[in-house]
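Next come the chains, spelled out residue by residue.
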Amino acid sequence: DHRDLHSFPTRRSSDLVGLLRHPRYLQLLQECEGEESRVLVEELCKCGRATASHLIEEAYKMLKTEKNEDPNQAVSVHKLGKVFGALVEKKYIHRCPVNTDLNLTVPKLESDERLQFHPPEIDLKELAKRLEDGAKTDSIIDKDKEVDWTLNRDRLDQLIRDDIIQEAAVRRIDKPAGSIVGTVLNLSGSLYDPWSQASGRLGQSLIQDRVKKDWSEDGFLQHLDQYLTILSSDKTRFLDRVGDAGGGQYMVNYLHIIEEIAAATVENIVKEKFGSKSMRIFRYIREKRYVEENQVQQVVMIPGKETKLLTYQLMENNFVCLQELRKSLAPNVPCKAIYLFYINFDQVVRMVLGLCYTSILNLKRRVQLEYKENARLIEKQDRVSSILTSLEAEGATADQLEEVEEMITPPEKEALERLEHTLQQYTAAQNGSHQTLCILKDRKSVV
């Protein structure tokens, strides 16, 4: 393709691997903003770019189909319009005007940030009336037909990164600490550049007010000072105390936090591949930067022969590097050199990223193979399900439904259960690889 991928509007929208993040976007948006937000963004993920009227229309139809069986859950066009406005206000989506040039497929963004996040003009009453009547909506979108909307990937990637940091705080300390970290990250992102190496200063009184607002019903508020002390003194340093004015000044060092989480991720990978002893050696070399072989044997409390075997095994797999320092410039003088082990962490991260890409690709191919091998069985299950649905709509008796269900024999049911279990395992493995991918790629996103 002759078009320059670097001309894409957002910093990481040229990254095709970013498509793997769409399920995580939807999961986090449903947890943070509700089901309507998830449905709107899901439709936008499918389209890539669309008008506000089209998104609300498709979301209305999807929600109406999902909630058709529950009469207590009504679908409102006006509520979807408010939710769409909230997504714009929180910068999860932004404008990209429709391009008339057919040769230009890259959407242009408004130069003024205020215009990018200016709420759309939609006649919700007319839209609701047309949708309730079941009419075509082509004539409804006159007011917003000139403006398309697309995902703000920087903001959504920030949502994933903050969730990873919050989850790390929960694992490292406890759930209240994770809640406090999540509030501080939201506060920092609203006041300062969320993709800088470190945020600006946040006063303790400001943090207390926001935490009380977000978690007024929780009992950990009386211990907030102790939690702030723990978060700032922990090895990961989720907060850095940078002053004592006003009860204390704090900042978020994104670079250090992501680096620590990435290091912990790589250490776990070493543990899974080579064992806990190898992880101990890897961690010691990383902390000391440059280490002689006899120093490793003395500190990690592993027999010398085994230490040497594990260290060279790590070096063979490119987790550890070896550097030679000569005491003499003469090339033929024996025993005049020192050999130091060290870790090139950037190289290790690139190698692990490659392993993640390979594992995701292999898992996807394996899923396709499973579907291909069980195509006949899956097709039969779908056919039986459609027959059951039509019979239930016609008011068929229980005996008739049971007779149709018996079209799938017990061995076939067992095969379908095994297939479902296998696919769930592949999905879980893909999610784990994608989690590692997010952590290591976010490490390079902090500038």
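Source: prediction; values computed, not measured.

J.: For helix 12 (residues 276–288), give the residues involved together with the corresponding values.
T.: What sets the pattern is the α-helix's 3.6 residues per turn: residues three or four places apart point alike. The end-to-end C-alpha distance of helix 12 is 18 Å, a good match for the 18 Å that 13 residues give at a rise of 1.5 Å each. Phi turns positive, to about 70°, at Arg-289, one or two residues after helix 12.

J.: If you had to explain the sheet that holds strand 7 (residues 321–326) to someone new, which residues and values would you point to?
T.: Whether parallel or antiparallel, the strands of a sheet pair through hydrogen bonds between backbone atoms. Strand order in the open sheet made by the three strands is 6-8-7, with antiparallel pairing throughout. Either end of the sheet is taken by a strand with one partner, and the two such strands are strand 6 (291–292) and strand 7. Where strand 6 lies against strand 8 (residues 337–342), two bridges are found, and the strand directions are antiparallel. Note on strand 8: the bridge partner recorded for Val-291 is Phe-341.

J.: Describe in detail the sheet that holds strand 4 (residues 240–243), supporting the description with residues and values.
T.: Strand order in the open sheet made by the three strands is 3-5-4, with antiparallel pairing throughout. Looking at the sheet topology across the chains shown, the edges are occupied by strand 3 (202–203) and strand 4. Pairing of strand 4 with strand 5 (residues 249–251), which is carried by three bridges, proceeds in the antiparallel orientation. Considered in strand 5, the bridge of Asp-240 is made with Met-251.

J.: For the pattern of salt bridges, give the residues involved together with the corresponding values.
T.: Scanning the model with the defined rule gives 20 salt bridges in all. Of the charged contacts, one joins Arg-38 and Glu-35 as a salt bridge, the two residues approaching to 3.6 Å between their closest N and O atoms. One end of the pair, Arg-38, and the other, Glu-35, are both in helix 2 (residues 35–47), three residues apart, so they sit about a helical turn from each other. Where Glu-167 meets Arg-171, a salt bridge forms, and the shortest distance between an N and an O atom there is 3.1 Å. Taken together, the residues Glu-167 and Arg-171, both in helix 7 (residues 153–172) and four residues apart, mark about one turn of the helix. The class of Glu-167 is partly exposed, set by a relative accessible area of 29%. When its relative accessible area of 69% is taken as the criterion, Arg-171 is described as exposed. Because the salt bridges share partners, they merge into one network encompassing Glu-35, Arg-38 and Glu-42.

J.: Which residues make up helix 14 (residues 304–316), and what values do they have?
T.: Across its 13 residues, helix 14 extends 18 Å between first and last C-alpha, which sits within 8% of the 18 Å expected from 1.5 Å per residue. Of all the residues in helix 14, the buried ones are Thr-307, Leu-310, Thr-311 and Leu-314. The buried side chains of helix 14 occupy one side of the element, clustering within an arc of 100° when seen end-on. In helix 14, the exposed positions angled more than 90 degrees off the buried face are occupied by Lys-305, Leu-309 and Glu-316. Summarising the contacts, the buried residues of helix 14 are in contact with helix 11 (254–274), helix 12, helix 13 (293–299) and strand 8.

J.: Just give me the short version of a nonpolar patch on the surface, but keep the residues and values in it.
T.: A surface patch of nonpolar side chains, about 250 Å² in accessible area, is lined by Leu-191, Tyr-192 and Leu-206. With respect to the helices and strands, the residue Leu-191 is situated in helix 8 (residues 175–191).

J.: I'd like a description of the environment of Ile-378, backed by residues and values.
T.: In this structure, Ile-378 sits in helix 16 (residues 375–394). Sequence-distant contacts of Ile-378, that is, excluding residues within four places in its chain, are made with Tyr-371 and Leu-419.

J.: How would you explain the pairing of strand 8 if you had to name every residue and give the values?
T.: Relative to strand 8, strand 7 is paired through six bridges, and the arrangement is antiparallel. Note on strand 8: the bridge partner recorded for Glu-324 is Tyr-339.

J.: Now, about the packing of aromatic side chains: what can you tell me, with residues and values included?
T.: In the structure shown here, the tally under the stated rule is five aromatic pairs. Seen in terms of ring centroids, Phe-274 and Phe-319 are 5.7 Å apart; in terms of plane orientation they differ by 80°. Their pairing is edge-to-face. Placement of Phe-274 in helix 11 and of Phe-319 in the loop between helix 14 and strand 7 is noted, with a sequence separation of 45 residues between them. As far as burial versus exposure is concerned, Phe-274 and Phe-319 are alike and both buried. Ring geometry for Tyr-312 versus Phe-341: centroids 5.8 Å apart, planes at 85°, classification edge-to-face. Separated by 29 residues along the polypeptide, Tyr-312 in helix 14 and Phe-341 in strand 8 bring together distant segments of the chain. Phe-341 gets classed as buried once you look at its relative accessible area, which sits at 1%. Through a chain of ring-to-ring contacts, the aromatic side chains of Phe-274, Phe-282 and Phe-319 assemble into a single cluster. In this arrangement the basic side chain of Arg-161 is found over the ring face of Trp-195, its NZ or CZ atom lying 4.7 Å from the centre.

Parameters and conventions
Residues numbered from 1 in each chain as written. Predicted model: local features only at pLDDT ≥ 70, side-chain atom pairs only at ≥ 80, totals over all residues. Heavy atoms only, no water. Helix = DSSP H or I, 4+ residues; strand = E, 2+ residues; numbered from the N terminus. Expected span 1.5 Å × (residues − 1). Pairing = 2+ DSSP bridges. Salt bridge = Lys/Arg side-chain N within 4 Å of Asp/Glu carboxyl O. Buried < 20%, exposed > 50% of the residue type's maximum accessible area, 1.4 Å probe, protein only. Arc of directions from axis to C-beta. Contact = heavy atoms within 4.5 Å. Patch = residues over 30% accessible without salt bridge, like charges linked within 9 Å, V, L, I, M, F, W, Y side chains within 5 Å. Areas by Shrake-Rupley, 256 points an atom, 1.4 Å probe, with all protein chains shown as cover. Phe/Tyr/Trp six-rings, centres within 6.5 Å; stacked < 30°, edge-to-face > 60°. Lys NZ or Arg CZ within 6 Å of the ring centre and 35° of its normal.

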